[in-house]
Amino acid sequence: MIYKTSSVGTYSSAHDRSQSSILSFIRDSALFAWLVINFTAVSLLFINGRYADSPDLSLEGSLFWQIAVLIFFGIGILLQIFGQTPIRRMIAVAAPLMPMMIWIILSVTWSDFPEFSIRRAVRFELETIALILFATSYGDQYKFLRIIYLSFAFILVLDVAFLSMPDISFTPIGYTGVHYHKNMTGIFCLLALPVFLLAAIDRRIFPSRIVSIALVLCCLGIFAISLSKTSLALAPVCILLTVGFISLRRANSVTAFLVTLIVLLTGAIAIAIILYVGIENFLIDTVGDPTFTGRDLIWQYALSLFWQSPIVGRGFGSLWNVGIFSLAQQEILNVNFVIKEGHNGYIDIITELGVVGLLLTIVFIIGTLYRLSVRIPFASVSRINFIAIYMLFAAVLINITESSIFRSGNEFWLYFVIVTHASIYIATGSRKEIGNLSIKSTKRLNRGNMKPIIAAFDR
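Fair warning: this is a prediction, and the values are worked out from it, not measured in the lab. Each chain has its residues counted from 1, following the order in which its sequence is written. In keeping with the model being predicted, local features are shown solely for residues with a pLDDT of at least 70 and side-chain atom pairs are shown and tallied solely at 80 or more, while totals for entire chains, interfaces and linings include all residues. As a rule here, side-chain values cover all heavy atoms of the structure and leave hydrogens and water aside.

A. View of the overall build of the protein. Helices and strands together make up the secondary structure of the protein, namely 18 helices and two strands. In the protein, which comprises 459 residues, the share counted as buried stands at 47%. By definition, residues are in contact when any of their heavy atoms lie within 4.5 Å. Sequence-distant contacts, at least 24 apart, represent 76% of the contacts inside the protein between residues at least 6 apart. Strands are runs of DSSP state E lasting at least two residues, helices are runs of H or I lasting at least four, and both sets are numbered from the N terminus onward. Each residue gets one of three labels from its accessible area relative to the maximum for its type: buried under 20%, exposed over 50%, partly exposed in between, using a 1.4 Å probe on protein chains only.

Put into structure tokens, the structure is as follows:
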């Protein structure tokens, strides 16, 4: 008797692989495009004088951004529908961020400018949810890092190409390249530098080490001519902090305690010296400008508004660029341009979201740092984890002079969210796989087979 073998299983397997390939292509293409349009001035190509008075991309946005956000959000939903990522696992990954997201929506009810708050809050929620959906669609850190690497390399090549067009890429305050402000050029280089450095070390991110080294050198060159003082100063500091934190996490408890004690004592001594010589004199001697390019007046003004509603704040997105009221701000601060942020994220948070918002921010930062630190021992996520920890330090520090945390449309915040949540998600999967491997190895050990355990340790 001849039996016919059914081809259903073979067809189903091939169909699933085809569907998975198409889904991966859509996901990677969407993330690539999203990073490029957020870190460049693509949306301003048809606006005259983009460098003189650029629209603020961190607000509710133009029609271009409204469509872009909805498309990105829709693709994120599709990724989860077809990718079938457990909802419980996604919620666990996003847990530290959820209280602030809820508080931002609630703040609309008492906002001074509810029409602005609702638009900016909705965009913030859509972007953040979409980024988490994308972050949890990657189970392999190298697939994720390759897309970031390629998108950053593409932007950097454009920056280098724009050197041939000095009329539109150079400004009196620094090099803008394909970005809409020299500070954004500096921030892009701040974020791209560790990606290129890791790729030069680990060819699993990109196969050509020579190309990665060339990108590192180009990045440093663009970094220098951007004249972005904040980003230039933070790059080496963040790298040292990240390396030190990881090394400290892997050290034994006695060494970790001694190093922590030395750091705290050094910090206390530094603070005492600054207070002794005077903060203003210290700033004059170090940065040459105690006003931080006029930021001190903006800070004083924002803090005066904070004291009018210190507990719950004035509402998310209701402080800057709020229609006719912005003209009054220009007169108060004696400037001839629309102020679009407080240039200190912590002051913006307490003014818009109150003391409650500041406490939720601290919980989010500490919770994220803890969740990243406990993943350090797992070698399989070391690259993405390094970048995530680097981003956390950069976010905390740059938020002192620029508003970057909990800002809708802010490219720094968007990149920070997707990198940190992807790191946590991938690490959780690696931990689960290692646990499953240990269980299987134990069962096989009971049957007298030692090879799986030896192979597991060899990994």
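B. Molecular detail of the packing of aromatic side chains. Only the six-membered ring of Trp is used, alongside the rings of Phe and Tyr, when aromatic pairs are assigned; centres must lie within 6.5 Å, and planes under 30 degrees apart are stacked while those over 60 apart are edge-to-face, with the rest tilted. Enumeration over the complete set of coordinates arrives at 27 aromatic pairs. Judged by centre distance (5.1 Å) and plane angle (55°), the rings of Trp103 and Trp110 are tilted. Ring geometry for Trp413 and Phe416: centres 5.8 Å apart, planes at 40°, overall tilted. In this pair, Trp413 and Phe416 both sit in helix H17 (residues 411–446), three residues apart, roughly one turn of the helix. These aromatic residues form a ring-pair network of at least three members: Phe124, Phe316, Phe364, Phe406, Trp413 and Phe416. Criterion for a charge above a ring: Lys NZ or Arg CZ within 6 Å of the ring centre, and within 35 degrees of the ring normal. Over the ring of Tyr425 we find Arg89; its NZ or CZ atom is 3.9 Å from the centre of that ring.

C. Here's a closer look at the packing of helix H6 (residues 141–161) against helix H9 (residues 209–226). Put simply, H6 and H9 touch, their axes get as near as 10 Å, and they point 50° apart. Compared by their axis directions, H6 and H9 come out oblique. Of the two possible hands of crossing, H6 and H9 adopt the one that is left-handed. In this structure, H6 contributes Tyr149, Ala153, Leu156, Asp159 and Val160 to the contact, and H9 contributes Val211, Ser212, Leu215, Cys218, Cys219 and Ile222. Under this scheme, a helix contributes an axis fitted over its contacting stretch, all axes are lines through C-alpha atoms, and angles between N-to-C directions fall in the 0 to 180 degree range. Working definition: roughly parallel below 35 degrees, roughly antiparallel above 145 degrees, roughly perpendicular at 65 to 115 degrees, and oblique for all remaining angles. Take the far helix as the reference: if the near one is turned anticlockwise from it by less than a right angle, the crossing is left-handed, and if turned clockwise, right-handed.

D. Layout of the environment of Ala200. Relative to the assigned elements, Ala200 resides in helix H8 (residues 182–201). Leave out the neighbours within four places in its chain, and Ala200 touches Arg209, Ser212 and Ile213.

E. Focus on the environment of Phe134. Relative to the assigned elements, Phe134 resides in helix H5 (residues 114–135). Residues Phe134 and Ala422, 288 residues apart in the sequence, show an inter-C-alpha distance of 8.2 Å. Setting aside residues up to four positions removed in sequence, Phe134 forms contacts with Arg27, Ala30, Leu31, Phe72, Ile75, Gly76, Leu79 and Ile418.

F. Summary view of the pattern of salt bridges. The rule for a salt bridge is simple: a side-chain nitrogen of Lys or Arg has to be within 4 Å of a carboxyl oxygen of Asp or Glu. Summed over all chains, the structure comprises five salt bridges. Across the salt bridge formed by Asp112 and Arg314, the nearest N and O atoms sit 2.7 Å from each other. Taken together, the residues span a long stretch of sequence, with Asp112 in the loop between helix H4 (98–107) and H5 and Arg314 in the loop between helix H13 (295–306) and helix H14 (325–333) at a distance of 202 residues. Exposure remark for Asp112: the relative accessible area of 36% places this residue in the partly exposed category. According to the relative accessible area criterion, Arg314 is buried, its value standing at 15%. One salt bridge in this structure joins Arg123 and Glu127, with 2.8 Å as the shortest N-O distance. Of the two residues, Arg123 and Glu127 both sit in helix H5, four residues apart, roughly one turn of that helix. Accessibility classification places Arg123 together with Glu127 in one group, the buried group.

G. Representation of the nonpolar core. Judged by nonpolar contacts, the single largest core of 102 residues is most densely connected at Phe152, Leu190, Phe196, Trp413, Tyr415 and Val419. With sequence-adjacent residues up to four places away left out, Leu190 is seen in contact with Phe223, Ser231, Leu234, Ala235, Tyr390, Ala394, Ile398 and Phe412. By nonpolar core we mean a set of buried residues, namely Ala, Val, Leu, Ile, Met, Phe, Trp, Tyr and Cys, connected to one another through side-chain atoms within 4.5 Å. Listed in part, the 10 residues of the second largest apolar core include Ile298, Tyr301, Leu305 and Ile347.

H. Region of the structure containing the side chain of Asn183. Here Asn183 shows up in helix H8. Setting aside its immediate chain neighbours within four residues, Asn183 contacts Ser228, Ser231 and Glu402.

I. Expanded view of the environment of Pro99. Examined against the element boundaries, Pro99 turns out to sit in helix H4. Pro99 sits 262 residues away from Thr361 along the chain, and the two C-alpha atoms are 9.4 Å apart.

J. Representation of the packing of H4 against helix H15 (residues 345–373). In the contact formed by H4 and H15, the axes pass within 10 Å of each other and the chain directions differ by 165°. When the axes of H4 and H15 are compared, the pair comes out roughly antiparallel. When you trace H4 past H15, the crossing you get is left-handed. When H4 is examined against H15, the residues Pro99, Met100, Trp103, Ile104 and Ser107 are found in contact with a partner set consisting of Leu353, Val356, Gly357, Leu360 and Thr361.

K. Region of interest: helix H2 (residues 63–83). Multiplying 1.5 Å by the residue count of a helix minus one yields the expected span of that helix. Counted at 1.5 Å a residue, the expected span for H2 with its 21 residues is 30 Å, and the 30 Å between its end C-alpha atoms agrees. One or two steps after H2, the chain reaches Gln84, where phi turns positive at roughly 60°.

L. Structural context of the confidence of the model for the protein. Per-chain confidence: the protein averages 81 in pLDDT, with 78% of residues scoring 70 or above. Taken together, the stretch residues 1–16 has pLDDT below 50 and engages in zero contacts with residues farther than four places along the chain or on a different chain. For every residue, the predictor states its confidence as a pLDDT score lying anywhere from 0 to 100.

M. Layout of H15. Taking 1.5 Å as the rise per residue, H15 with 29 residues should run 42 Å; its terminal C-alpha atoms sit only 24 Å apart, a clear shortfall. The definition of a polar contact used here is a pair of N or O atoms within 3.5 Å, where within protein one atom must be able to donate a hydrogen and the other to accept one, and adjacent residues in sequence count solely through side-chain atom pairs. Where H15 starts, the residue carrying a side-chain oxygen 3.0 Å from the main-chain nitrogen of Tyr346 turns out to be Asn344.

N. Up close: the state of the cysteines. Defined by distance alone, a disulfide is two cysteine sulfur atoms within 2.5 Å. In total, this model carries zero disulfides according to the counting rule given. A disulfide-free cysteine, Cys189 has its sulfur positioned 4.2 Å from the sulfur of Cys219, the nearest such atom. Since its relative accessible area comes to 0%, Cys189 is described here as buried. Take Cys218: it sits in no disulfide, and the sulfur closest to it among the cysteines is that of Cys219, at 8.7 Å. Residue Cys218 is classed as partly exposed on the basis of its relative accessible area, which comes to 32%.

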